[in-house]
Amino acid sequence: MRGDLLKKELNIFTFNDLLNHFPNRHVDKTKVAFINEINFQTEYIQIAGKLISIEVVGEKRGKRLIACVQDKTGIIELVWFQGINWVKKYLVEGTTYLLFGKTSLFNGKPQMVHPEIEIFTNEKSEGKAFLEPIYPTTEKLKTKGLSGRQIAKLTYALLTQLQAKDIEENLPNEINNRLQLIPRYAAYKAVHFPSNSNEYEAAIKRLKFEELFIAQVRLNLIKLQRHSSSKGVVFEKVGELFNSFYNNHLPFQLTNAQKRVLKEIRIDTAKGHQMNRLLQGDVGSGKTIVALLSMLLAADNNYQSCLMAPTEILAQQHFQSLSNLVKEMNIEIRLLTGSTKTKERKEILQGLANDTIHFIVGTHAVIEETVQFKNLGLVIVDEQHRFGVAQRAALWKKAIIPPHILVMTATPIPRTLAMTAYGDLDYSVMDELPPGRQTITTVHRNEMQRYKVMEFIKTEIAKGRQAYIIYPLIEESEKLNYEDLMQGYEEVKSYFPEPKYLISMVHGKMPAEQKEINMQRFVSGNTQIMVSTTVIEVGVNVPNASVMVIESAEKFGLSQLHQLRGRVGRGSEKSFCILLTPGKISVEAKQRISVMCATNDGFKIAEKDLELRGPGDIEGTRQSGALNFKLANIVNDKPLLDLAKQEAEQLLQEDIDLNMAKNLQLKNFLQQQKGKTNWSKIS
Ligand code: ADP
Ligand code: MG
């Protein structure tokens, strides 16, 4: 019965799970406080007092049991919403009880909801100092008699029966000694029942390190094994196509970051092992040209390349800019999307199958079953977080030797997160923008200043620039989006009347063709204003646009705001981003907006985002099992994470098969754990 509840409520199935159900905190329960000590800061507290009243109040859902307990300093109210009959039977007026729980002040009066309660006996308050663990529990468990205190008893009983050999060491002793980590067995004991806070700190440090270290060893093993055993096509040479483009058609000088990444790709693809590389570059850092040069490298070695984009519009843009760049070269490049007409589609499939097409650009349409390549050597995925793992896996089947994979993303991921979530991929960063870019000025304006904002847009348009006005995408309701946008559109029209001004509008409900036409009108400069929901978020390139207005900016997350802002500042003109919000917004929204106003650096913003939201919510990492740490927190425990990574790399460098005697206990542990966790490869 209790076992069932533990499973259902807390996911505790085994003794091992119980051991790994860690306390939130410890309290010294030999301390009994007085009621008048309770203030706003009080959290958990222990009180002893006489029960002076008990009554059931309210009806149906509002029904609750209220009891009052008095000590010599005051009265505290106890409240139960569940288990009312059971508790009522147990409590007797006039008896002195020992209460433990979380207090709050309700209308200035101290209150404790669902306290742990037992009859007070003197010996209870006189035991020797002892830190009692407080475990996360649920109301349901509490009413069934499985309070945090009961869980503590179970865990205590379990620990007294376990011996050192039952909780085997898994880290090499050499590491434990060097880093002064306590043994695993001692750590488990002390994390639950420490005799003082130093002991607890030592235990927690040891267990967090273990968690991070084991994760790093696993990720690095996957990576190293791929490096040493996977097969990959070999791009032997830098040939005619690459060189002639580099020397004759490159429209600008590459940045050092672009050169460095190209070199990394070049080395990776020549080794005979499959490349699996994540390229992170801030918006506007120039990833497209790196993609193109890599594709030329593939073509020089007689391999086909495929560039996938998450949206039709983006695929179109890539196709146009790449076609333009290679137009004087002997390269056959085609576009394949969901809206490619049947006849053309047929032609393209044929061209891919008989190798007359060198580059294919498209949406996920390019990885459908029917698309077969003669000689696929390189796949580039732009804005990867929109592509599922399964979709990428489908690519594997397109060639006997899997093609090299380059995943490009403009949503910077903080380094700590990349290390944990993508630790099995090779990883390149382009942290340098092409020269001559002006920083975008970002400001926060409220509703009252709307008129001024619109006037500002007019002055920019008068200078020949263009502007975006973006409305939030409400995930739950397409209808709401549409209404919001339409209303906004009408309003914008009233500020910017035809024929002096022309406006494009794009939204999710629009047929792809219509979207394309409206987008194109803006791209070619026929319209001065683009009104849109966030469908244009990623990748669109209109260098003449100099103003980005984001409506209801408080509703956007940091990475989205950064993406949107990246749509301007792409030309040589000074650009502006205006974040419009109502006068009153939440503290969190204010924080996000002030981060945006303070910096243009995507990596800094990503770090802030991680800090504000925690790792679980960062886009693209949610499915990653690598983030399910029980104790460690990659934001707060960053130094420990760095240490774990360094130790893991060092260890594997010395002994990749973990065959040295000192690493055997680690090897055993990893083997036992295999299959228990869902460590899946990202790509
Ligand atoms: P992103 O990394 O956001 O995909 P793009 O590849 O779209 O960036 O490049 C943004 C703009 O910068 C494009 O107009 C591109 O032509 C230009 N660009 C890229 N690399 C350089 C460079 N080294 N020097 C000057 N301009 C560059
Ligand atoms: Mg791009």
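Calculation notes
Residues numbered from 1 in each chain as written. Chains lettered and ligands numbered in written order. Predicted model: local features only at pLDDT ≥ 70, side-chain atom pairs only at ≥ 80, totals over all residues. Heavy atoms only, no water. Core = buried A, V, L, I, M, F, W, Y, C linked by side-chain atoms within 4.5 Å. Buried < 20%, exposed > 50% of the residue type's maximum accessible area, 1.4 Å probe, protein only. Helix = DSSP H or I, 4+ residues; strand = E, 2+ residues; numbered from the N terminus. Contact = heavy atoms within 4.5 Å. Pairing = 2+ DSSP bridges. Axes fitted to C-alpha atoms, helices over the stretch in contact; angles between N-to-C directions. Disulfide = S-S within 2.5 Å. Phe/Tyr/Trp six-rings, centres within 6.5 Å; stacked < 30°, edge-to-face > 60°. Near = heavy atom within 4 Å. Polar contact = N/O pair within 3.5 Å; in protein donor to acceptor, adjacent residues only side chain to side chain. 1 Å grid on protein atoms, 1.4 Å probe; cavity = no way out; pocket = protein on both sides within 12 Å on 5 of 7 lines; lining within 4 Å. Sits in = over half its atoms within 2 Å of the grid points. Nonpolar A, V, L, I, M, F, W, Y, C, P; charged D, E, K, R; others polar.

## Re the nonpolar core
General note: in soluble globular proteins, nonpolar side chains tend to be found buried as a group. Of all hydrophobic cores here, the largest spans 50 residues; its most connected members are Phe-209, Phe-213 and Ile-360. Of all the elements, helix α8 (residues 197–229) adds the most residues to this core, at seven residues. When sequence neighbours within four positions are dropped, the list of residues in contact with Phe-213 reads Leu-171, Ile-175, Ala-644, Glu-647, Ala-648, Leu-651 and Leu-666. In terms of nonpolar packing, the next biggest core, distinct from the first, is built from 40 residues, Val-233, Ile-265, Leu-292 and Ala-299 among them.

## Remarks on unusual backbone geometry
Note: most peptide bonds trans; most residues except glycine with negative phi. Cis geometry marks the peptide bond from Glu-498 to Pro-499; its omega dihedral reads 0 degrees. Structurally, the position occupied by Pro-499 is in the loop between α17 (478–495) and β18 (503–506). Even without being a glycine, Gln-180 presents a positive backbone phi close to 55 degrees. Within the secondary structure, Gln-180 is located in the loop between α6 (173–179) and α7 (184–192). One non-glycine residue, Asp-355, lies in the positive phi region at around 70 degrees. In this structure, Asp-355 sits in the loop between α13 (342–353) and β12 (359–362). Given a relative accessible area of 26%, Asp-355 falls into the partly exposed group.

## A word on the sheet that holds strand β21 (residues 576–581)
Read across the open sheet, the six strands follow the order β16-β21-β20-β17-β19-β18; overall the sheet is parallel. Lying at the two open borders of the sheet, with one neighbouring strand each, are β16 (441–446) and β18. The average angle at which neighbouring strand axes cross in this sheet is 20 degrees, direction not considered. Pairing geometry for strand β20 (residues 545–550) and β21, over four bridges, is parallel. Counted as the bridge partner of Val-549 is Ile-578 from β21. Contacts from helix α19 (residues 558–565) reach β16, β17 (466–471), β20 and β21 within the one sheet, and its direction differs from that of β20 by about 155 degrees.

## As for the state of the cysteines
By definition, a disulfide links two cysteine residues through a covalent bond between their sulfur atoms. Applying the stated rule across the entire model yields zero disulfides. Its sulfur unpaired, Cys-597 is 7.9 Å from the next cysteine sulfur, which belongs to Cys-577. Residue Cys-597 is classed as partly exposed on the basis of its relative accessible area of 33%.

## What about the packing of aromatic side chains?
Across all of its chains, the model carries 12 aromatic pairs by this definition. Between Trp-86 and Tyr-90 the ring centres are 6.1 Å apart and the planes differ by 5 degrees, which places this aromatic pair in the stacked class. Of this pair, Trp-86 and Tyr-90 both sit in helix α3 (residues 84–90), four residues apart, roughly one helical turn. On the basis of relative accessibility, which here comes to 56%, the residue Trp-86 falls in the exposed class.

## A few points about the site of ligand 1
If you check the shell around ligand 1, you find 16 residues, and the closest are Gln-253, Gly-284, Lys-287, Thr-288 and Arg-437. Note that a nitrogen atom of ligand 1 is positioned 2.9 Å from one of the side-chain N or O atoms of Gln-258. Arg-437 is positioned with one of its side-chain polar atoms (N or O) 2.6 Å from an oxygen atom of ligand 1. Its atoms largely coinciding with the cavity grid, ligand 1 occupies the second largest pocket. In the shell around ligand 1, the residues fall into four nonpolar, eight polar and four charged.

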